[in-house]
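Next come the chains, spelled out residue by residue.
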Amino acid sequence: MIITNTRSQNPKRRIYTWKMPGDIARYQIDYILVKNRFKNQVKFCKTYPSADCDSDHNIVIAKCELRYKKPQRTKVKQDNYTVRLLKSAEVVEEYGRYMDIEYQKQNVDDPLNKKWENIKSAIKKVADSVLIKKEKREPRRAWIYKEIVKLIDERRKYKNNNTREGHQKYRQLRGMRLIEKPEKQKKNGWSSSVAKLTKCSKLTK
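Everything quoted here is computed from the prediction, not taken from an experiment.

With respect to the overall build of the protein
And then number 1: Broken down by element type, the protein carries 5 helices and 6 strands.
And then number 2: Order of helices (α) and strands (β) in the protein, N terminus to C terminus: β-β-β-β-β-β-α-α-α-α-α.
And then number 3: The burial tally for the protein puts 15% of its 205 residues in the buried class.
And then number 4: Here the contacts in the protein between residues at least 6 apart in sequence split such that 56% fall between residues at least 24 apart.
And then number 5: Here the protein displays about 18,600 Å² of accessible surface, and carbon together with sulfur accounts for 52% of that area.

In structure tokens:
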């Protein structure tokens, strides 16, 4: 615990909390305590002698800026199934047939909670056998190619080379743009195709 009244520098008239009758002496006998972990949230703490209240003590006020810690929620891992297969009548019929088999295995005299657990396990078991689990989606286009990996390895090799030739080669490779945007790749590919066609047309003439 910390005493917030003593952490900030205030004028003397904003420190005392009680004065003796006749204003003989003034004392600081009222405090606001907070836990040590919240001490940085207290901006200031002082008394207000001018406050009109039915007491011989001064009001002590502390201004705090509360910052709550964001609760960390545990993510439940869920199985992803291809639910679109249920649009097929054959899959729905097969799913229903397996569910009937699993449902007949249950005992009627089981408690309600156990029945619910059995139903959940049956649904999961049938889904594992009938519905195919979704696989991780592969990227639509490869953003890195073998040539780029080769250039990266070559640049890394020349980076640790302390010779003059190594420094020049490293600067040359460092200035190259290894990864281009798809639009630029298309443009470059289109330009090269046009150049090839132009060259072929000149040769035919």
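From this point, things continue past the structure.
Side note on the side chain of Gln 41
And then number 1: Mapping Gln 41 onto the fold places it in the loop between β4 (33–34) and β5 (42–48).
And then number 2: Judged by relative accessible area, which is 10%, Gln 41 ranks as buried.
And then number 3: Non-local contacts of Gln 41, meaning those with residues more than four positions away in its chain, are made with Lys 63, Cys 64, Glu 65, Leu 66 and Arg 67.

So, unusual backbone geometry
And then number 1: Residues other than glycine seldom take positive phi values, yet Asp 23 does so here, at roughly 55°.
And then number 2: As for its placement among the helices and strands, Asp 23 is situated in the loop between β2 (18–19) and β3 (26–27).
And then number 3: When its relative accessible area of 38% is taken as the criterion, Asp 23 is described as partly exposed.

Observations concerning empty space enclosed by the protein
And then number 1: Overall, the coordinates contain 1 cavity of 30 Å³ or more when judged by the stated rule.
And then number 2: Roughly 40 Å³ of internal volume is contained in the largest cavity.
And then number 3: What lines the largest cavity is Asn 5, Asn 10, Arg 14, Ile 15, Gln 28, Cys 45, Lys 46, Thr 47 and Val 60.
And then number 4: Sorting elements by how many residues they give to the lining of the largest cavity places β5 first, with 3 residues.
And then number 5: Here the residues of the lining of the largest cavity sort into 3 nonpolar, 4 polar and 2 charged.

So, the pattern of salt bridges
And then number 1: As enumerated under the stated definition, the model contains 6 salt bridges in all.
And then number 2: Taking the shortest distance from any N to any O, the salt bridge between Glu 117 and Lys 120 comes out at 3.6 Å. Note that Glu 117 and Lys 120 are positioned in helix α2 (residues 112–130) at a spacing of 3 residues, about one turn of the helix.
And then number 3: Using a relative accessible area of 37% as the deciding quantity, one classes Lys 120 as partly exposed.
And then number 4: The salt bridge partner of Asp 128 is Lys 124, with a shortest N-O separation of 3.4 Å. Linking Asp 128 with Lys 124, this pair stays in helix α2, spanning 4 residues, or about one helical turn.
And then number 5: Members of the salt-bridge network, linked through shared partners, are Glu 102, Lys 105 and Lys 125.

What counts as what
Here, residues in each chain are numbered from 1, in the same order as that chain's written sequence. For this predicted model, a pLDDT threshold of at least 70 governs which residues receive local features, and a threshold of 80 or more governs which side-chain atom pairs are given and counted, while totals over whole chains, interfaces and linings are taken from all residues. Hydrogens and water molecules were not included; the side-chain quantities draw on all heavy atoms of the structure. Where helices and strands are cited, they refer to DSSP runs of H or I of at least four residues and of E of at least two residues respectively, numbered from the N terminus. Note on exposure labels: buried denotes an accessible area under 20% of the residue type's maximum, exposed denotes more than 50%, and partly exposed covers the range between, all computed with a 1.4 Å probe on protein chains only. Should any heavy atoms of two residues lie within 4.5 Å, those residues are counted as being in contact. Exposure was quantified through the Shrake-Rupley algorithm and a 1.4 Å probe, taking into account, for residues, occlusion by the shown protein chains and nothing else. A pocket here means an open set of points on a 1 Å grid, computed over the protein atoms alone, that has protein on both sides within 12 Å along at least five of seven lines. A cavity is instead a set of points where a 1.4 Å probe fits but cannot get out; residues with an atom within 4 Å of a point line either one. Grid points are joined across faces, edges and corners, and a volume is the space filled by probe spheres set on the points. Residue polarity follows a fixed list, in which Ala, Val, Leu, Ile, Met, Phe, Trp, Tyr, Cys and Pro are nonpolar, Asp, Glu, Lys and Arg are charged, and the others, Gly among them, are polar. Here, a salt bridge means any side-chain nitrogen of Lys or Arg that lies within 4 Å of a carboxyl oxygen of Asp or Glu.

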